[in-house]
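# Summary of the model geometry
Residue-level listing of the chains:
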Number of protein chains: 2
Amino acid sequence: MKQKALFYHAGCPVCVAAEHQIAAALDPARFTVEIVHLGEQKNRVAEAEAAGVKSVPALVLGGVPFHINFGAPLSALK
Amino acid sequence: MKQKALFYHAGCPVCVAAEHQIAAALDPARFTVEIVHLGEQKNRVAEAEAAGVKSVPALVLGGVPFHINFGAPLSALK
């Protein structure tokens, strides 16, 4: 069964670079990547926060948040 | 042809988590991942620095450095 990977971003240039390189590089045989734009889906900020996401872009893999470079703090998206 | 991905770390807990989750999640059909332990291979710190790496763990994909969470600054490994 494929594992779900969540990529949270906010459309910033740093986010787009990470999306194109990292999120797109995951093994499609093992992962289903869901891309969540927190600027457009503010109702999911709480979910990201609960997963431990502090800033975007971030990838949540196996329940663990990995912050990739730094685009914006999560607090700016509330 | 496979693209080379370089994962730089220093053996720290944050580094190990990123290696197990992110470096291991890359598509093996498209990427060859080289794991570089900068604490043990200090001669490669300059190479990481030239690629734009500021801290470990970091993944260099397509020549672009992606810092994943924060383990240690590169300056601590010189």
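### Re the environment of Ala58(A)
All names here are of chain A. With respect to the helices and strands, Ala58 occurs in strand S3 (residues 55-61). Ala58 sits 51 residues away from Phe7 along the chain, and the two C-alpha atoms are 5.8 Å apart. Not counting the four nearest positions on each side in its chain, Ala58 is found in contact with Leu6, Phe7, Tyr8, Val53, Phe66, His67 and Ile68.

### Focus on the side chain of His37(B)
All names here are of chain B. Here His37 shows up in strand S2 (residues 31-37). Polar side-chain contacts of His37 include one of 3.0 Å to the backbone nitrogen of Gly39. Ignoring anything within four residues of it in the chain, the contact list for His37 reads His9, Ala10 and Gly11.

### Considerations on the state of the cysteines
All names here are of chain A. In total, this model carries 2 disulfides over all chains according to the counting rule given. Note on cysteine connectivity: Cys12 is disulfide-linked to Cys15, with sulfurs 2.3 Å apart. Its S-S torsion of approximately 70° makes the covalent link between Cys12 and Cys15 right-handed. For Cys12, a relative accessible area of 14% corresponds to the buried category.

### What to know about unusual backbone geometry
All names here are of chain A. Across the junction of Val56 and Pro57, the peptide omega takes the value -5°, indicating a cis bond. Within the secondary structure, Pro57 sits in strand S3. Backbone geometry at Asn69 places phi at a positive 50°, although glycine is not the residue there. Among the secondary structure elements, Asn69 is positioned in strand S4 (residues 64-73). By relative accessible area, Asn69 is classed as partly exposed at 22%.

What counts, and where the lines are drawn
- Residues numbered from 1 in each chain as written.
- Chains lettered and ligands numbered in written order.
- Predicted model: local features only at pLDDT ≥ 70, side-chain atom pairs only at ≥ 80, totals over all residues.
- Heavy atoms only, no water.
- Helix = DSSP H or I, 4+ residues; strand = E, 2+ residues; numbered from the N terminus.
- Contact = heavy atoms within 4.5 Å.
- Polar contact = N/O pair within 3.5 Å; in protein donor to acceptor, adjacent residues only side chain to side chain.
- Disulfide = S-S within 2.5 Å.
- Buried < 20%, exposed > 50% of the residue type's maximum accessible area, 1.4 Å probe, protein only.

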